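Structural overview
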Amino acid sequence: MHYELDELDSGIIRHLSIDGRMSFKELACKLNVTEKTVRLRYKSLIEKEILNVVGIVDPITVGIKAGAIILIKVHPKSIQTVVKDLQEIKWIRYISLVSGEYQLLIQIAVKDQKKITDTIILLNENENILEINSIVQLDVYKNTFEFI
């Protein structure tokens with residue numbers, strides 16, 4: 001189902017993506033509408049599963065200091081099976097079907113280089129995975145959840 005965001009919905013989402021604890025009163029003031037209007041729109045965005053408000057952990061502060069982007073080539077008829085297998089690995093943050101030589105792209109966030117190595121070994125044990133190309137992240141200069 002497709003939902004078209006209007007200026008008010010976008011404003012609520014944009015402000016909450018910067019400060020998820022912003023009060024309805026403060027949002028109303030910034031968006032020049034009533035608090036009741038913000039409250040109703042917020043409720044609608046949540047109910048339609050357009051907006052999820054969650055706590056985001058700064059990975060470095062909890063010891064997650066290494067990451068990698070891994071491209072995965074699979075047997076063409078096994079994509080969904082591999083995706084299900086990857087979804088079970090909790091430190092995989094992101095899985096995407098992509099165009100090109102490799103069908104899947106994943107991103108991992110882990111404690112150290114050893115965990116990256118362990119992940120590569122684990123992926124190589126999957127018989128439906130034909131090839132892996134890993135790109136180790138050396139530093140992160142921008143990681144944002146802001147809505148534009």
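Thresholds, definitions, all that
Residues numbered from 1 in each chain as written. Predicted model: local features only at pLDDT ≥ 70, side-chain atom pairs only at ≥ 80, totals over all residues. Heavy atoms only, no water. Helix = DSSP H or I, 4+ residues; strand = E, 2+ residues; numbered from the N terminus. Rg over C-alpha atoms; globule rule 2.2 N^0.38 Å. Core = buried A, V, L, I, M, F, W, Y, C linked by side-chain atoms within 4.5 Å. Buried < 20%, exposed > 50% of the residue type's maximum accessible area, 1.4 Å probe, protein only. Contact = heavy atoms within 4.5 Å. Axes fitted to C-alpha atoms, helices over the stretch in contact; angles between N-to-C directions. Parallel < 35°, antiparallel > 145°, perpendicular 65-115°, else oblique. Nonpolar A, V, L, I, M, F, W, Y, C, P; charged D, E, K, R; others polar. UniProt positions renumbered as here; feature names shortened; annotations may be inferred. Phe/Tyr/Trp six-rings, centres within 6.5 Å; stacked < 30°, edge-to-face > 60°. Lys NZ or Arg CZ within 6 Å of the ring centre and 35° of its normal.

- As recorded in an unreviewed UniProt entry, the protein goes by the name Lrp/AsnC family transcriptional regulator, listed as coming from Fredinandcohnia salidurans.

Examining the overall build of the protein
- Of regular secondary structure, the protein possesses five helices and four strands.
- Ordered by position in the sequence, the α and β elements of the protein form the string α-α-α-β-α-β-β-α-β.
- For 148 residues, the compact-globule estimate of 2.2 N^0.38 gives 15 Å, and the C-alpha radius of gyration of the protein, at 20 Å, exceeds that figure by more than 25%.
- Projected onto the principal axes, the alpha-carbon positions of the protein cover approximately 55 × 35 × 25 Å.

Remarks on the nonpolar core
- In terms of nonpolar packing, the biggest core is built from 20 residues, with I70, I72, L86, L104, I106, I108 and L123 touching the most fellow members.
- Sort the elements by how many residues they give to this core and strand β1 (residues 66-74) lands first, with five residues.
- What I72 contacts, discounting residues up to four positions off in sequence, is L86, Y102, Q103, L104, I106, L123, I129 and E131.

Focus on the packing of helix α2 (residues 24-31) against helix α3 (residues 35-47)
- The N-to-C vectors of α2 and α3 enclose an angle of 110°; their axes lie 8 Å apart at closest approach. By the angle class used here, α2 and α3 are roughly perpendicular. Contacts between α2 and α3 involve F24, K25, L27 and A28 from the first element and E35, V38, R39 and Y42 from the second.
- In terms of residue class, the contact of α2 with α3 is made up of five nonpolar, no polar and three charged.

Things to note about the UniProt feature "domain: HTH asnC-type" (unreviewed entry) in the protein
- As annotated in UniProt, the feature "domain: HTH asnC-type" (unreviewed entry) corresponds to residues 5-65 in the numbering used here.
- What you have in residues 5-65 is 54% helix and 0% strand, and the ends, taken at the C-alpha atoms, are 36 Å apart.

Section: the packing of aromatic side chains
- Counting across every chain of the model gives one aromatic pair.
- Judged by centre distance (5.0 Å) and plane angle (65°), the rings of F24 and Y42 are edge-to-face. Taken together, the residues span a long stretch of sequence, with F24 in helix α2 and Y42 in helix α3 at a distance of 18 residues.
- Taking relative accessible area as the criterion, Y42 reaches 22% and is therefore assigned partly exposed.
- Taking the ring centre of Y102 as reference, the NZ or CZ of K73 above it sits at 5.5 Å.
- Geometry around W91 places K115 over its ring, the cationic atom sitting 3.8 Å from the centre.

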